[in-house]
Amino acid sequence: MPSFDPNRFVLEHDRDTPKEILRAAYQAFGELTLSFSGAEDVVLIDLALKVAPKESVHVFALDTGRLHPETYAFIERVREHYGIAIDVRFPDPEAVQALVQAKGLFSFFRDGHQECCGIRKVAPLRARLAGLPVWVTGQRRDQSPGTRSSLQIAERDLAFGSEESPLYKLNPLTHWSSEEVWSYIRMFNVPYNPLHERGFVSIGCEPCTRPTLPGQHEREGRWWWEEQAGKECGLHATNLTGASPQATRPA
């Protein structure tokens, strides 16, 4: 793969549609690896399969062991709907056992969610991303004004990549709103998690997710016992640290 410049990619493609961004990413890398958990991610799967051959689209999901039953059924529905393999990744059982034995099943209510998320989500993600050149996420700027307002469609991921093995993160839905995501879902009959029909907007682990009330931001349903700022589980750590170089959106 030739050298990839995320700043140049942003300048050239920032005003493109998500489908066009994915097509350009596939042309640059020759493959697309998508992380899958929510409604945005299935939209990206649907789009990716329209611009790249199925064998070049790789999809993975993180099973923390604490997901809703509806989420497990949703993963299977997506697998069957698109006829694709979904690489489900699990946390290290010894690390989970050590945490639970030391602090119980619900230590995050007392100590904050970062330790549990680090074991159940971040470590499996790090293992899955090792050696990859690119991964595609469903992040949007309006998902979390406190941590994602400066999100770019392409960035160097310094949290999971390295100088020896650079990793680039593509966020094709950066400029979309939740309404645009759901318009696409309805228009193209894209599968979605039935929990959305019960008021869940942003869906994570069962103990750490609840429905949002009218007027609440979607991230207020995640880790609601903590401060509103900085609601990231560690999968997108650069949103908190600002470690990833930011490109400027063209005028």
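Thresholds, definitions, all that
Residues numbered from 1 in each chain as written. Predicted model: local features only at pLDDT ≥ 70, side-chain atom pairs only at ≥ 80, totals over all residues. Heavy atoms only, no water. UniProt positions renumbered as here; feature names shortened; annotations may be inferred. Buried < 20%, exposed > 50% of the residue type's maximum accessible area, 1.4 Å probe, protein only. Helix = DSSP H or I, 4+ residues; strand = E, 2+ residues; numbered from the N terminus. Pairing = 2+ DSSP bridges. Right-handed = clockwise from strand over helix to strand, strands pointing away. Contact = heavy atoms within 4.5 Å.

- Under an unreviewed UniProt entry, the name given to the protein chain is Adenosine 5'-phosphosulfate reductase, and the source organism is Halomonas mongoliensis.
- Note on the protein chain: under the UniProt heading Subcellular location (unreviewed entry), the record states "Cytoplasm".
- Comment text from UniProt for the protein chain, heading Catalytic activity (unreviewed entry), reads "[thioredoxin]-disulfide + sulfite + AMP + 2 H(+) = adenosine 5'-phosphosulfate + [thioredoxin]-dithiol".

**Focus: the pairing of strand β2 (residues 57-62)**
(1) Moving on: The element β2 is largely enclosed, with a buried count of five among its six residues.
(2) Moving on: By the bridge criterion, four bridges tie strand β1 (residues 32-35) to β2 in an arrangement that is parallel. Looking at β2, one finds that Leu-32 is bridged to Val-57.
(3) Moving on: For the handedness criterion, the β-α-β arrangement of β1, helix α3 (residues 39-51) and β2 is classed as right-handed.
(4) Moving on: Two elements, β2 and strand β3 (residues 86-89), share four bridges in a ladder whose sense is parallel. Considered in β3, the bridge of Val-59 is made with Ile-86.

**Quick look at the environment of Pro-18**
(1) Moving on: The topology assignment puts Pro-18 in helix α2 (residues 18-29).
(2) Moving on: A relative accessible area of 5% places Pro-18 in the buried class.
(3) Moving on: Filtering out sequence-adjacent residues up to four positions away, Pro-18 remains in contact with Leu-47, Pro-172, Leu-173 and Trp-176.

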